[in-house]
Amino acid sequence: MTKPEATEDRNQTGRNPMQTLRSISDEQRSRLSEAWVGFATTVRREIHRVLRIWPQTLLPPVITTCLYFIIFGPVLGDRIGQMQGYTYLQYVTPGLIMMAVLTNSYQNVVSSFFGAKFQHHIEEVLVSPMSSQSILLGYAVGGVFRGLVIGAVVGLVALLFADLPVVHPVLTIAVAVLTSVAFSFGGFINAMVARNFDDISIVPTFVLTPLTMLGGVFYSVTLLAEPWQTLSYANPILYMVNAFRYGILGRSDMPIAVAFGVLTLFIVGFYMAAMWMLRRGIGIRS
Amino acid sequence: MSISTSPALRLRGLHKTYANGVQALKGIDLEVNRGEFFGLLGPNGAGKSTIIGIVTSLINRSGGSIEVFGINTDEDLEGAKRLIGVVPQEININQFEQPLRIVAQQAGYYGIPWREARERAGECLRWMGLWDKRTAMSRTLSGGMKRRLMIARALVHGPRLLILDEPTAGVDIEIRRATWSLLEEINDAGTTIILTTHYLEEAEALCKKIAIIDNGRIVKDTDTRSLLRQLVTETFVLDPMQPLERAPTLPGFATRLREDGSIEVDIEKGVGLNELFHALDDAHIQISSMRNKANRLEELFLRLVDESKGRAASAPEPNEVTP
């Protein structure tokens, strides 16, 4: 059998990279530095993805939230009257921002990771020496980025419709970040177990949206009769929305420490579950 | 064991039973030496891709051990992965990403900083003839370009062991030959290559050593030359200058006439072609061209797989190893 000829468009440099590229096994990089670079690469990729497809990732939630502002401001807000000393639009705005933050953090990770699974290019990451931690945190930061960017844009748009005093700015930012972290981890878990596109829409449609709508975005939980008020306290989103509202308006239906406790619990729980699944290869390894 | 003396890959008692109960691997022992061009052959469902999946950690094994250049994957999986590059059978690139980013990101996953990653990616893409397409969407690339992109991606971190799972499946002959040339160059530079393929002429042309796997077991593991020596007979097709009306009688050779007037001649092991041509001369038959009826390795492969199936049918199934 004769040795085959190369096609004419190859060897544009005339160099075989295997003769010039040093193997990474010959280089003295610490595992920690490699893990950091792997993590940073994943973050870079995820942020690039969000920005590249901005008409899908950034624009729709901003438009949707603007519609909420129009409806709950000039159209309905004045007729509803005041809520806990604020106009109705002022009252619902923190919840609307938080709704945008958490749903977009969740959806960014679930769609990105499931997309990678669906196209099988998740294998690029799985065959590499990247640790499970770097993978999870890299995706999560992508989700946090999208959630916070949308939260910021929605917040700026909200200023066109309502005055937002932002009573506790640091706490406001902390709640937004922690919430987006929690829901990014949640999205990651959803993407790992998802087998088809239906599976990635079930949780947002049947769990996330109802919990958000019933999570005190549009009303104070104190207005509810029993047992609905007590039942509402089982809704974790209620704590996040109220903590965020406390940061912006200085009003909350529950103690802030409890809200932070719930947030921390969810972050730790989702993180541990996601790490366990990733190490076991659930949904990604046969 | 030292990385400089240990084999590139050592598999011991590799077992895999899938969740549906299918036993894909039933105790694979395999050793691939450093610098070797190794072929892993087998029919569909034999377990080739499962072996590759396990070695690259895309599939969880049920039992056995893996060493990559002496690094046991149970002790240092990340260390072993650093030494491996893999080109899977299916196209698995991000269709919505640019080639330069795909390759540079892969370098990043191996811990190579972004600036250097882009330089390496550029070098690999140039070598693969994809530099002009570096900013095109991957989905717009042709099938052959996507294959080359996957090879560039696998090479960007300078792996010592390159594993290719049917890299030329479904591509045209020109791309297949170009890929062969590429792989030979990579191997010449010192990279150990493991190749699975359905194309037996590919294995014969490229691989110095071959293992044949069937039904989850290695049925033959030897160097290509030794394997081919096991051929008992080889059949050639001869095209005579003048079409023949009946098969000629050639002493010492079995002949058959084909419909197009050419003849098939069986040559037993140890008999030289000169003797055949002497016999043809004596019969006053002028030959214009000759070729193998089938790929030599193909004949042997079919025989070995048939034998393996015969053994499997007659032997009781061994007990499954507990994961």
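Residues numbered from 1 in each chain as written. Chains lettered and ligands numbered in written order. Predicted model: local features only at pLDDT ≥ 70, side-chain atom pairs only at ≥ 80, totals over all residues. Heavy atoms only, no water.

Draft legend 1. Just the nonpolar core, in detail. A:F188, A:F218, B:L9, B:L11 and B:V68 are the most contacted members of the largest nonpolar core, which totals 111 residues. Here this core gets 17 residues from one element, more than from any other, and that element is helix 6 (residues 88–118) of chain A. The contact partners of A:F188, leaving out residues within four places of it in the chain, are A:V109, A:F113, A:I135, A:L136, A:Y139, A:A274 and A:L278. (Core = buried A, V, L, I, M, F, W, Y, C linked by side-chain atoms within 4.5 Å. Buried < 20%, exposed > 50% of the residue type's maximum accessible area, 1.4 Å probe, protein only. Helix = DSSP H or I, 4+ residues; strand = E, 2+ residues; numbered from the N terminus. Contact = heavy atoms within 4.5 Å.)

Draft legend 2. Layout of a nonpolar patch on the surface. All names here are of chain A. On the surface, a cluster of nonpolar side chains totalling about 1,000 Å² of accessible area is made up of W54, L59, I63, L67, I70, I71, V75, L76, I80, L160 and F161. Tallying contributions element by element places helix 4 (residues 59–75) first for the nonpolar patch, with 6 residues. Residue class for L67 comes out partly exposed when judged on its relative accessible area of 49%. (Patch = residues over 30% accessible without salt bridge, like charges linked within 9 Å, V, L, I, M, F, W, Y side chains within 5 Å. Areas by Shrake-Rupley, 256 points an atom, 1.4 Å probe, with all protein chains shown as cover. Salt bridge = Lys/Arg side-chain N within 4 Å of Asp/Glu carboxyl O.)

Draft legend 3. Seen up close, the sheet that holds strand 2 (residues 23–32) of chain B. Residue and element names in this part refer to chain B. The 4 strands are arranged 2-1-4-5 in an open sheet whose pairing can be described as antiparallel. Edge positions in the open sheet fall to strand 2 and strand 5 (71–72), since each of these has one partner strand only. Across 5 bridges, strand 1 (residues 9–17) lies against strand 4 (residues 63–68) in antiparallel orientation. In the sheet register, H15 faces strand 4, and the bridge partner there is G63. Along the sheet, helix 1 (residues 48–55) makes contact with strand 1, strand 2 and strand 4, crossing strand 1 at roughly 110°. (Pairing = 2+ DSSP bridges. Axes fitted to C-alpha atoms, helices over the stretch in contact; angles between N-to-C directions.)

Draft legend 4. Geometry of the packing of helix 9 (residues 169–193) of chain A against helix 13 (residues 256–280) of chain A. Residues and elements named next belong to chain A. Contact geometry for helix 9 and helix 13: axes closest at 9 Å, N-to-C directions at 30°. In terms of axis orientation, helix 9 runs roughly parallel to helix 13. Taken as a pair, helix 9 and helix 13 cross one another with a handedness that is left-handed. Per-class residue counts for the contact of helix 9 with helix 13 are 22 nonpolar, 2 polar and no charged. (Parallel < 35°, antiparallel > 145°, perpendicular 65-115°, else oblique. Left-handed = near helix turned anticlockwise from the far one by under 90°. Nonpolar A, V, L, I, M, F, W, Y, C, P; charged D, E, K, R; others polar.)

Draft legend 5. Looking closely at the domain arrangement of chain B. Segmenting chain B into domains produces domain 1 (9–227) and domain 2 (230–296). When each unit is reduced to the centre of its C-alpha atoms, the spacing between domain 1 of chain B and domain 2 of chain B is 40 Å. (Domains from an automatic or database assignment.)

Draft legend 6. Structural view of the layout of surface pockets. Within this model, the largest pocket holds a volume of roughly 760 Å³. Along the wall of the largest pocket there are 27 residues; nearest its centre are A:H120, A:E123, A:I284, A:S286 and B:L58. If you list the elements that add at least two residues to the lining of the largest pocket, you get helix 6, helix 7 (122–126) and helix 9 of chain A together with helix 1 of chain B. The volume enclosed by the second largest pocket comes to roughly 530 Å³. What lines the second largest pocket is a set of 27 residues, among which A:R49, A:I53, A:S111, A:S112 and B:F96 lie closest to the centre. Elements supplying a minimum of two residues to the lining of the second largest pocket: helix 2 (31–52), helix 3 (54–57), helix 6, helix 7 and helix 8 (132–159) of chain A together with helix 3 (99–109) of chain B. (1 Å grid on protein atoms, 1.4 Å probe; cavity = no way out; pocket = protein on both sides within 12 Å on 5 of 7 lines; lining within 4 Å. Points joined across faces, edges and corners; volume = space filled by probe spheres on them.)

Draft legend 7. How the structure looks around the sheet that holds strand 9 (residues 209–214) of chain B. All names here are of chain B. With mixed pairing, the 6 strands of this open sheet are ordered in space as 6-7-8-3-9-10. Each edge of the open sheet is held by one strand with a lone partner, namely strand 6 (84–87) and strand 10 (217–223). This sheet shows a mean twist of 15° between the axes of neighbouring strands, independent of strand direction. Strands in contact with helix 1 are strand 3 (37–41), strand 6, strand 7 (161–165), strand 8 (192–197) and strand 9; relative to strand 7, the strand with the most contacts, it is inclined by about 145°. The strands touched by helix 6 (residues 173–188) are strand 3, strand 7 and strand 8; relative to strand 8, the strand with the most contacts, the crossing angle is about 150°.

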